[in-house]
Amino acid sequence: VSTMKAKTSSEGEEEASGTRNETLGESGLLEEAKRGRVIRVAYVIAAIDLTFLFMQIGVMPYLAKSLGLDSVGFGYLQTIFGVLQLVGGYIFGRFADQFGARAALILSCASASVFFLLLSLSTSIPLLFLSRLPAVFMHGIPGAQKVITDMTTPSQRAGALGKLGLCFGVGIIAGSALGGVLSTKLGIYVPTYVGLVGSLINTLIAMVWIPSQTKPKSDHHVKEHSTSQSGSLFSIREILRLMKFPGVMEVFIVKVFAGLPIGLFMIMFSIISMDFFGLEAVESGYLMSYFGVLQMVVQGLVVGKLASHCTEMTLLRLSVFVFAGVGLGMALMRTVWHYCIIAVPLVFAFSMLATITDSILTKAVPSSDTGAMLGICASVQPLTRTVGPTIGGVLYKQFGVSSFGYLQLMVNLGLFVYLLKSKIPLGEMKS
């Protein structure tokens, strides 16, 4: 009798255990589905944000000209935008760490709404300059990256971040086309009205579909000894603290300098396309659309697959090596068709470098500091836009287009040798 009871009890325990495992499995699948849905919403928000951003970039020169702003004044306007984005990137990241990815995305979308509202009211040059102020908190891509970082495991992160390139491609193609059509057919201020409505819709999407807490529950209970204790949104000490984590400073230096020469070239591209390639405005638009398609293909299909088969350090070295080859091609190019060929490895290296370095850096710091790290990464492009017009102008005027290629080649060959010889520790600080 006792044996039969023990057997019955054992069978009951096994059945209960199986039921528990089945329940946990179903709950895990539901949680996975929920995370996937939130990540897709973040992609949608990023695509809408970039579409209206590129729409205003295309319209802005014509709006400034219609208000009587000359080329020098337009340069100041662009510099102010770059400085505000540079300063705001890290502040935005710290805000995301302290108040959550949802609050940060809402802040970004609301700031974009104010930006387009002020832009639609800009009937004079002072008002046009005033409309730049909300740009300090307009960081839709870092906001989406923060959501993705919180909702993915370290092994999934590079692929998930890479798919943001699809949003970037959609933004370039749709934004450029939409801005041109609306401003030509309906008036120069119509794109700003559309941008205002779109930004308000984005704000509502973030409020409704992004959960208030995106980090895994385990992250709320683990208190890491190196986590920031400062409550201020901007602190040089906090930036230096993040740079002291193993491998962070080395990877960040590679991120900044590998893409700097091509960044200078892209800043001067509107002048180069007219003077060197002899393109009209419509042809320049087609070239930008070509870039958008390449970006979508590379980041949507290539980066994720390579990230699942190769180590991040291998991909980092590959991107820098390809960048060096791109530099040689740029130094030798003579026609726009040469540039179209060079654009393929250029977009590959640019996309791979951005995705892999963001993935490495967010995994190298504590989970409570990923927003700040993404904010610092987001400040790289505004920094290039701030110093780029001066440096790029001198290079182009004194040495010609080939100087950008030779600079790209030398800088990236040096970085490639550095990456081969140095042993950068890529320890993960995630709980």
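Per chain, residues are indexed from 1 in the order of the written sequence. The model is predicted, so local features are restricted to residues of pLDDT at least 70 and side-chain atom pairs to those at 80 or more, both for listing and for counting; the totals for chains, interfaces and linings are taken over all residues. To get the side-chain values, take all heavy atoms of the structure and skip hydrogens and water.

By the naming in an unreviewed UniProt entry, the chain is Organic cation transporter-like protein 2, taken from Oriolus oriolus. Of the comments in the UniProt record for the chain, the one headed Subcellular location (unreviewed entry) reads "Apical cell membrane". UniProt positions are given in the numbering used here, feature names are shortened, and annotations may be inferred rather than shown by experiment. Looking at the Function (unreviewed entry) heading of the UniProt record, one finds this comment for the chain: "May act as a transporter of organic cations based on a proton efflux antiport mechanism. May play a role in the transport of chloroquine and quinidine-related compounds in kidney. Plays a role in the regulation of lipid metabolism."

Draft legend 1. Main features of the nonpolar core. Residues belong to one nonpolar core when they are buried, are Ala, Val, Leu, Ile, Met, Phe, Trp, Tyr or Cys, and are joined through side-chain atoms within 4.5 Å. Three labels apply to residues, based on accessible area from a 1.4 Å probe with only protein chains included: buried if under 20% of the type maximum, exposed if over 50%, partly exposed otherwise in between. With 63 residues, the main nonpolar core has Phe265, Tyr339 and Phe404 as its most contacted residues. Residue contributions to this core peak at 15 residues, all from helix H16 (residues 336-364). It only takes one pair of heavy atoms within 4.5 Å for two residues to be counted as in contact. In contact with Phe265, other than residues within four places in its own chain, are Ile272, Met330, Met333, Tyr339, Val401 and Phe404. In terms of nonpolar packing, the next biggest core, distinct from the first, is built from 26 residues, Val38, Ile39, Ala101 and Leu164 among them. Helix and strand assignments come from DSSP, with helices taken as H or I runs of at least 4 residues and strands as E runs of at least 2, each series counted from the N terminus.

Draft legend 2. The packing of aromatic side chains, seen in detail. Stacked, tilted and edge-to-face are the three classes assigned to paired rings of Phe, Tyr and Trp, where Trp is represented by its six-membered ring and a pair needs centres within 6.5 Å; plane angles under 30 degrees give stacked, over 60 edge-to-face, the rest tilted. Per the counting criterion, the structure on display carries eleven aromatic pairs. Here Phe265 and Tyr339 contribute two aromatic rings whose centre-to-centre distance is 5.6 Å and whose plane-to-plane angle is 50°, an arrangement assigned as tilted. Taken together, the residues span a long stretch of sequence, with Phe265 in helix H12 (residues 260-267) and Tyr339 in helix H16 at a distance of 74 residues. With a centroid separation of 6.5 Å and 80° between ring planes, the pair formed by Tyr290 and Phe291 is classed as edge-to-face. With relative accessibility at 28%, the residue Tyr290 sits in the partly exposed group. The exposure class of Phe291 is buried, given its relative accessible area of 10%. An aromatic cluster is defined as three or more aromatic residues linked by ring pairs; in this entry it consists of Phe265, Phe276, Phe277, Tyr290, Phe291, Tyr339 and Phe404.

Draft legend 3. Structural view of helix H17 (residues 370-378). Summarising burial for H17: eight of the nine residues are buried, a large majority. Of the residues making up H17, those classed as buried are Thr370, Gly371, Ala372, Met373, Leu374, Gly375, Ile376 and Cys377.

Draft legend 4. Summary view of H12. Turning to H12, its buried residues number three or more, namely Pro261, Ile262, Gly263, Leu264 and Phe265. Looking at the buried side of H12, the elements it contacts are helix H11 (248-258), helix H13 (269-275), helix H15 (312-332), H16, helix H18 (380-399) and helix H19 (402-421).

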